[in-house]
Amino acid sequence: MPENSFLPSITLRSMTGAARDLDSALQLSRAAGWAYRLEDWRVARAVGQGILAEADGQVIASAICWPYGESLATCGSIIVAPAMQGRGLGRALMARLLELTGDRAVLLNATAEGMGLYQSFGFEAVGTVHQHTAQTSARHTEGAADPQVRSARADDLQVVLQMDRRAFGADRNQMIEEIVLIGAVAVIERAGRPQAYAICRPFGLGQVIGPVVAAGIEDAKALIRHFLRVNAGQILRIDIPGDSGLGPWLTGQGLPEVGGVTTMIRGQRPATSGPDRIFALASQSFG
Ligand SMILES: CC(C)(COP(=O)(O)OP(=O)(O)OC[C@H]1O[C@@H](n2cnc3c(N)ncnc32)[C@H](O)[C@@H]1OP(=O)(O)O)[C@@H](O)C(=O)NCCC(=O)NCCS
């Protein structure tokens, strides 16, 4: 392919779920200083389409896209081994990802290192995402549990998926159904129907809270408080959009901001509908 013709010994191929591919991807994320576990790579690949670059039988770069229906996809896990950076490999991976996403609008959360690359493919900055992470304290177990928050039941899933679709603007059912298998789902029910939901699952160094979808910030806080309580003493992470309004409150809860990325889009993001909003991402990759 023309993008990497000046790197003749490098081939791009699909990433499979085989242990060898997942292990290689894990080595890449470790070298980039990312706290992914093998299980995080397994889930990310299982619900998306991954690409690996190989040279002399060694995996030297990765990238994954997650198509959500026909109108939107996200991209992430774009990593080039440090010794191979600056030779056009990131550009070749991105070109291949955009072949896979086709006519869809593409959303991604860019590190400072990646921004120039994405801009050159027509991505524009549209927002920010702030990572809040900490080892939480036992104080979150003090006081009574919030009676309006309960664990989701199997028969809540369809309502949760509908809520997510309205808030995100695209169908993330396959991804949500996968993370529900490894995480806990909480809902706020009013008038006999879930009105807000959140998922908390193992990820990276501990647990991640997200997505959090609600019509109002107080419901979002109640769901987050629930998982702070259930997981008190563990390392917790939450990635919030810059306009969520949750940043100072999370810091007050003992979860300070530890880093951020820039949300970029290429194309027109499908419209959201109804009052529900995304207060926390499923992950920086999944959106
Ligand atoms: C971002 C990354 C994937 C780019 O891969 P790469 O193979 O080095 O990129 P390329 O050689 O294809 O360069 C692509 C463009 O990005 C720019 N670029 C590459 N590395 C850069 C850096 N560290 N800082 C700023 N710009 C950079 C180059 O100028 C290049 O533009 P050009 O083709 O017009 O000269 C790579 O630096 C990386 O793996 N970083 C660590 C993980 C990471 O942050 N991934 C992005 C997640 S969103």
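Residues numbered from 1 in each chain as written. Predicted model: local features only at pLDDT ≥ 70, side-chain atom pairs only at ≥ 80, totals over all residues. Heavy atoms only, no water.

## Here we look at helix α2 (residues 38–46)
Within the span of α2, buried status applies to D40, W41, V43 and A44. Mapping the buried residues of α2 onto a view down its axis gives an arc of 165°, with all of them on the same face. Close packing links the buried residues of α2 with α1 (19–31), β3 (58–68), β4 (72–80), α6 (173–182) and β9 (193–203). (Buried < 20%, exposed > 50% of the residue type's maximum accessible area, 1.4 Å probe, protein only. Helix = DSSP H or I, 4+ residues; strand = E, 2+ residues; numbered from the N terminus. Arc of directions from axis to C-beta. Contact = heavy atoms within 4.5 Å.)

## Considerations on the pairing of strand β6 (residues 124–135)
Relative to strand β12 (residues 257–266), β6 runs antiparallel, the two being bridged by eight bridges. Following the sheet pairing, A125 is matched in β12 by M264. Two strands pair when backbone bridges link them, and β6 and strand β11 (residues 235–241) are joined in this way by seven bridges, in the antiparallel orientation. Bridge pairing in β11 places H130 opposite I240. (Pairing = 2+ DSSP bridges.)

## Some words on the domain arrangement of the chain
The domain boundaries assigned to the chain delineate domain 1 (2–103) and domain 2 (130–280). Between the C-alpha centres of domain 1 and domain 2 there is a distance of 27 Å. Taken together, the 15 residues of domain 1 in the interface contact 16 residues of domain 2. When the area that domain 1 buries against domain 2 is broken down by residue, the three leading residues are V47, Y68 and L72, summing to 41%. Here domain 1 and domain 2 share one salt bridge between them. Between E178 and R42 there is a salt bridge, with its nearest N and O atoms 3.6 Å apart. Remark: the boundary between domain 1 and domain 2 carries two residue pairs in polar contact (both at pLDDT 80 or more). Elements represented by at least two residues in the side of domain 1 that touches domain 2 include exactly α2 and β4. (Domains from an automatic or database assignment. Buried area = accessible area lost by both parts, 1.4 Å probe. Salt bridge = Lys/Arg side-chain N within 4 Å of Asp/Glu carboxyl O. Polar contact = N/O pair within 3.5 Å; in protein donor to acceptor, adjacent residues only side chain to side chain.)

## Topic: the packing of aromatic side chains
What the rule picks out here adds up to six aromatic pairs. Taken together, the aromatic side chains of W34, Y36, W41 and F203 make up a single cluster linked through ring pairs. Over the aromatic face of F168 sits the side chain of R172, whose NZ or CZ is 4.0 Å from the ring centroid. Over the ring of F168 we find R269, and its NZ or CZ is 4.8 Å from the ring centre. (Phe/Tyr/Trp six-rings, centres within 6.5 Å; stacked < 30°, edge-to-face > 60°. Lys NZ or Arg CZ within 6 Å of the ring centre and 35° of its normal.)

## Here we look at the layout of surface pockets
Its boundaries defined by the atoms lining it, the largest pocket holds a volume of some 1,000 Å³. Around the largest pocket, the lining is made up of 44 residues, and of these A32, W34, I78, I79 and T111 lie nearest the centre. Mapped onto the lining of the largest pocket, the elements with two or more residues apiece are β4, α3 (89–101), β5 (105–110), α4 (112–120), β6, β10 (206–214), β11 and β12. Counting residues per element, the lining of the largest pocket draws most heavily on β4, which supplies six residues. Among the residues forming the lining of the largest pocket, the class breakdown is 19 nonpolar, 20 polar and five charged. Here the lining of the largest pocket gathers at least three residues from each of two domains, domain 1 (2–103) and domain 2 (130–280). The volume enclosed by the second largest pocket comes to roughly 450 Å³. As for the second largest pocket, its lining consists of 19 residues, and the residues nearest its centre are P241, D243, T263, R269 and I278. Elements represented by at least two residues in the lining of the second largest pocket include exactly β5, β6, α5 (157–168) and β13 (277–280). Residue composition of the lining of the second largest pocket, grouped by class: eight nonpolar, seven polar and four charged. (1 Å grid on protein atoms, 1.4 Å probe; cavity = no way out; pocket = protein on both sides within 12 Å on 5 of 7 lines; lining within 4 Å. Points joined across faces, edges and corners; volume = space filled by probe spheres on them. Nonpolar A, V, L, I, M, F, W, Y, C, P; charged D, E, K, R; others polar.)

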